[in-house]
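As a plain string of letters, each chain reads:
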Amino acid sequence: MITPDALGYLPETPSQTAGPFVHIGLIPRQAGFDIFENNLGAITLGPEIQGERIRIEGRIYDGTGAVIRDALVEIWQADSFGRFNHPVDQVPGPRDAGFRGWGRTGTDFETGTWSFNTIKPGRVARRHGEGFLAPHIQVWIAARGINLGLLTRLYFEDEAVANAEDPVLRLIEQPERRKTLIAQRVNGAENTYVFDIHLQGEMETVFFDV
Amino acid sequence: MAQEDFIQRDLAAHPLPISPIYKTSMFRGPTRPPLSLKTGMADLTGPIFGAKELGPRDNDLILNYAKAGFPVGERIIIHGRVLDGNARPLRGVLVELWQANASGKYRHRNDHYIGAIDPNFGGCGRCLTDGDGRYIFRTIKPGPYPFRNKVNDWRPAHMHFSVFGTGFAQRLITQMYFEGDPLIRHDSILNTIPDAAARDRLVARLDLAASVPLDTLAYRWDIVLRGTRATVFENKLQGN
């Protein structure tokens, strides 16, 4: 039962792990069956969508270094103009109304790899302070053993200047930890970036509480 | 639409990232504190879903995978509202649900439990909240099932819920339990939440008034996503 506090605020519903069978509800085809006419989460990139086509991919590692094969991965990002497809984003300027900016997938049951084909986001205007954020993609993961969905940010290796002035990256005190958020370009594969997530250990990814 | 910051999350009302009673979390929960940020545009915004993306039977699990008859089990309705922390209804937000069947068996290639698959039950559904923030599903009550943690650990009957708010920072996945289930107090997953009052917020109440006589029992469960605070005074205070 939900009881308001003395000021009338309602407490947030607590999180619980998504468990090993998250695919049934959110990506049923991966669970092994077809049920909905329309499956949510695919990123559609029609010819009218502007921006550099990129592929982002990676794996998620547990504290022993083992690859996690049963995770859900969602992304949320700006379009190539740095705008979010949402009415709250009232920043003036052009926007790509046909680009949703949201994607959902599961890590592969065999290889543990996740990937999205998307566009490289533009720089988003800062809400607090002047200037712009470095291009980045919000990455949210849920899985068995993860009790509260984990939010992190994917930045791009080849945006060194923007990254150096990004207020969020600069807030990370230890340079080694900052590196956990930088997706690396793959040699030989054009426009592909690798972003591995480490849940624990020396290379533990920086997660955010926003 | 006004820009409001989300009120910071009360992490004490959530499970600990690493909970010894739930062994898998020992290997998968972050060990370091998260970095706290002021709300950015990427947090205030999030995907918006339209009614056209969903099918008419997506929220009726009794019918949405029925092949040659109805699924076996107790016919139930689960309904409630999605509100924010300011007690305002969240309209048109996506609620997704998945569950085991009456035998405690999931339709999933990785579920090896001995329970029987029900040919007429898929086990997932989804809907958008209406103008009052209400959601409703018709389904069958899931059965309890064992899981590998301690050797005799059992999950109480539960539904998995995934919810979007208006902003990506409100994203939530959780589980709902049924009032009166004796397995609730033994559950190693629910008990990852240290606060008893918070655990109780995941327990749906029997709602006889909303039940369909001679047909279907109802349970009611409200979902609360993070609330917001207006930022109208922020500049004034900071700039003196």
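See the structure shown above.
On a predicted model such as this, the values are computed, not experimentally measured, just so you know. The residue numbering used here restarts from 1 in each chain and proceeds along that chain's sequence as written. Here the convention is simple: chains get letters from A, ligands get numbers from 1, in the order in which they are written. Selection of residues for local features in this predicted model requires a pLDDT of at least 70, selection of side-chain atom pairs for listing and counting requires 80 or more, and totals for whole chains, interfaces and linings are taken over all residues.

Describing the overall build of chain B
Then, number 1: Only DSSP runs of H or I reaching four residues or more are called helices, and only runs of E reaching two or more are called strands; each is numbered from the N terminus. Assigned secondary structure in chain B consists of 4 helices and 14 strands.
Then, number 2: Its C-alpha atoms put chain B at 70 × 40 × 35 Å along the principal axes.
Then, number 3: Exposure classification rests on a simple neighbour count of other C-beta atoms within 10 Å of a residue's own: a residue reaching 20 or more is buried, one at 12 or fewer is exposed, and one in between is partly exposed. C-beta atoms are placed from the backbone. Of all 240 residues assigned to chain B, the portion counted as buried reaches 45%.
Then, number 4: Two residues qualify as being in contact provided that their C-beta atoms, derived from the backbone, are within 7 Å of each other. Long-range contacts, defined as pairs at least 24 residues apart, comprise 73% of the intrachain contacts of chain B with a sequence gap of at least 6.

Side note on the nonpolar core
Then, number 1: To count as a nonpolar core, a set of buried Ala, Val, Leu, Ile, Met, Phe, Trp, Tyr and Cys residues must be joined through C-beta atoms within 7 Å. In terms of nonpolar packing, the biggest core is built from 101 residues, with L72 and I141 of chain A together with V82 and V163 of chain B touching the most fellow members.
Then, number 2: Non-local contacts of L72 of chain A, meaning those with residues more than four positions away in its chain, are made with A18, V22, L26, G106, I141, A142 and A143 of chain A.

A look at the interface of chain B and chain A
Then, number 1: At the junction of the two partners, chain B supplies 77 residues and chain A supplies 66 residues.
Then, number 2: At the level of secondary structure, the elements contributing two or more residues to the side of chain B that touches chain A comprise α1 (25–28), β2 (35–36), α2 (41–44), β4 (94–99), β9 (158–163), β10 (172–178), α3 (196–200) and β13 (223–225) of chain B.
Then, number 3: Partitioning the side of chain B that touches chain A into residue classes produces 33 nonpolar, 26 polar and 18 charged.
Then, number 4: In terms of strand pairing, strand β10 (residues 208–209) of chain A meets β2 of chain B through 2 bridges, oriented parallel. Counted as the bridge partner of D209 of chain A is S36 of chain B from β2 of chain B. Following the grouping adopted for this structure description, the nonpolar residues are Ala, Val, Leu, Ile, Met, Phe, Trp, Tyr, Cys and Pro, the charged ones are Asp, Glu, Lys and Arg, and the polar ones are all others, Gly among them. Should DSSP find at least two bridges between two strands, the strands are taken to pair.

Points about unusual backbone geometry
Residue and element names in this part refer to chain B.
Then, number 1: Even without glycine at this site, A87 takes up a positive phi of about 65 degrees.
Then, number 2: Structurally, the position occupied by A87 is in the loop between β3 (75–84) and β4.
Then, number 3: One non-glycine residue, L214, adopts positive backbone phi at about 65 degrees.
Then, number 4: Inspection of the secondary structure puts L214 in the loop between β11 (203–206) and β12 (217–220).

What to know about the environment of I2 of chain A
Then, number 1: Of note, I2 of chain A is situated in the segment before α1 (22–26).
Then, number 2: Residue classification places I2 of chain A among the partly exposed positions, given that 18 C-beta atoms sit within 10 Å.
Then, number 3: For the pair I2 of chain A and T13 of chain A, spaced 11 residues apart in sequence, the C-alpha separation works out to 8.7 Å.
Then, number 4: Here I2 of chain A is in contact with L10 of chain A together with R201, D222 and V224 of chain B, once residues within four sequence places are set aside.

Notes on the environment of S15 of chain A
Then, number 1: One can find S15 of chain A in the segment before α1.
Then, number 2: You can call S15 of chain A buried: it has 25 C-beta atoms within 10 Å.
Then, number 3: Dropping the residues within four chain positions of it, S15 of chain A is found in contact with N147, L148 and G149 of chain A together with H14, P15, L172, I173 and T174 of chain B.

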